[in-house]
Structures are given as C-alpha cells and as structure tokens.
Amino acid sequence: WAHGTHVAGLLAASTHNGTGIASTAFDCKIMSVKVSEGTQSYPYITHGYAGILYAAKAGFYSGSYAIINNSWGGGGFSNYEQSVINLCHNTYNALIFAAAGNGEDNGWGEEYAPHYPASYEHVISVTAYGTGDVWNHWATYHETVDLIAPGENIRSCVIGNNYSNWDGTSMATPVAASCAGLMRIFYQDITNVQVETML
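Attention in this report is confined to the structure presented alongside it. What you see is a predicted model; the values in this text were computed from it and never measured.

Here the focus is a nonpolar patch on the surface. The grouping of Ile185, Phe186 and Tyr187 at the surface amounts to a nonpolar patch, some 360 Å² of accessible area in total. With respect to the helices and strands, the residue phenylalanine 186 is situated in helix H4 (residues 169-186). By relative accessible area, phenylalanine 186 is classed as exposed at 60%.

Put simply, helix H2 (residues 48-61) and helix H3 (residues 79-90) touch, their axes get as near as 9 Å, and they point 10 degrees apart. One element, H2, and the other, H3, form an angle in the roughly parallel class. Taking contact as the criterion, the partners of Tyr49, Ile52, Leu53 and Ala56 in H2 are, on H3, Glu81, Val84, Ile85, Leu87 and Cys88. Here the contact of H2 with H3 is composed, by residue class, of 8 nonpolar, no polar and 1 charged.

Here we take up H4. With 18 residues, H4 extends 26 Å from end C-alpha to end C-alpha; this agrees with the ideal 26 Å at 1.5 Å per step. Burial analysis of H4 places 14 of its 18 residues in the buried class, which makes it a mostly covered element.

A separate point is the sheet that holds strand E2 (residues 95-99). Strand order in this open sheet of 4 strands is E1-E2-E4-E6, and the pairing throughout is parallel. One side of each edge strand has no neighbouring strand; the edge strands of this open sheet are strand E1 (67-70) and strand E6 (147-150). Neighbour-to-neighbour, the strand axes of the sheet open up by a mean angle of 30 degrees, direction not taken into account. Inspection of the sheet shows E2 paired to strand E4 (residues 123-129) by 4 bridges, in the parallel sense. Its bridge partner being in E4, alanine 99 is matched across the sheet by valine 126.

The rules behind each value
- Residues numbered from 1 in each chain as written.
- Predicted model: local features only at pLDDT ≥ 70, side-chain atom pairs only at ≥ 80, totals over all residues.
- Heavy atoms only, no water.
- Patch = residues over 30% accessible without salt bridge, like charges linked within 9 Å, V, L, I, M, F, W, Y side chains within 5 Å.
- Areas by Shrake-Rupley, 256 points an atom, 1.4 Å probe, with all protein chains shown as cover.
- Salt bridge = Lys/Arg side-chain N within 4 Å of Asp/Glu carboxyl O.
- Helix = DSSP H or I, 4+ residues; strand = E, 2+ residues; numbered from the N terminus.
- Buried < 20%, exposed > 50% of the residue type's maximum accessible area, 1.4 Å probe, protein only.
- Axes fitted to C-alpha atoms, helices over the stretch in contact; angles between N-to-C directions.
- Parallel < 35°, antiparallel > 145°, perpendicular 65-115°, else oblique.
- Contact = heavy atoms within 4.5 Å.
- Nonpolar A, V, L, I, M, F, W, Y, C, P; charged D, E, K, R; others polar.
- Expected span 1.5 Å × (residues − 1).
- Pairing = 2+ DSSP bridges.

Quick look at the structure:
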C-alpha cells in the first residue's frame, strides 16, 4: 500500500542524489514491519502491538535500540497495549512515535480526543501543522500530544517510482521520528529517554 511507502520516504529518503526528496535522517536504516493481513483490501492494522514489540526487540538485539514510527491509530485504551509499550520502552529501550490522529472520524475537522497508541505513556504523540507552520484546525489535539510537526502538503515517495504531496498526522510523525534518527547519528550513546527529553 502506498501509505507505508510515503511514510518510509519521510523517514529515510537519501539526500544529495538530485532526485525527489531528502529525509532529516537521510540514509538511515529502516525495517518495515508488516502489521496487516495480506488478504485485506484495505490496510487495517490487525497486529500493531506485536509489530511494535518485534521492532523494539530487533533494535535492542542489534546492539542499539529502535526508533519506531507508527503512522496509524484509533480510539480505545487497553491495559494490554500499554503494557506492551512499557515493555518496549523500559526493557528494550525503544523510542516510540505515533500519529495523534486526523481529527473527526466522519471527516477532517479539529478534534480534542485521545488516540492510541499515541496517547499511551512512553509514546511521543505527534499532531500536524499546516502549511506555513499554522494550525489549520483539521488534526487531533489533546493533552497527551507531545509534538507538532509539518503534516500538510508533504511530498514523499509513492509506489510506481513517483512522488506525491499528502496531508496527515501520518506524515507529521515520520518527520518527527527522523529528527530522532538524526540525533542518534550525531550522539551514538544517547538513550531513548534522553532523546524524548531533548525533543
């Protein structure tokens, strides 16, 4: 699905190649984790928390830690899901980012509401600025939101060797996560908690 391709470009697109776009954490290593059934006609997230745990372990056992981007989410708190996040953060030192949401479910409109996994503890929740660094009243906001990043008219890669401009907190989240990746490039020994604090 093109959504993941667009997000991946924002996370890690190369720079200085005269083509397309460049990511803040250019040329970093990425690992995509499949969290949907392959037979679905639409990419519903069916195994999101298993995917977060898998990515956290992969980063930890590689001798570092993972910066995990989650450009997905929905409503409803779960103690189980919070416990998975706690395990990934505390035991596997993962740095977890998640999209705060694109406003109202029945159309794009500013909404004050929790959104998960973004609203869990130990997750950096990212909502979206519009063009010109202004709040354009279409995204989700809440006291659990930690950051705001550009999320409107964001250019990135799409399937078919092409580029397209998209809107959404799904775009704002990898922009923020790529900043954490850049911090890791310059400060190899920085911990997940230090990155969270500095951001």
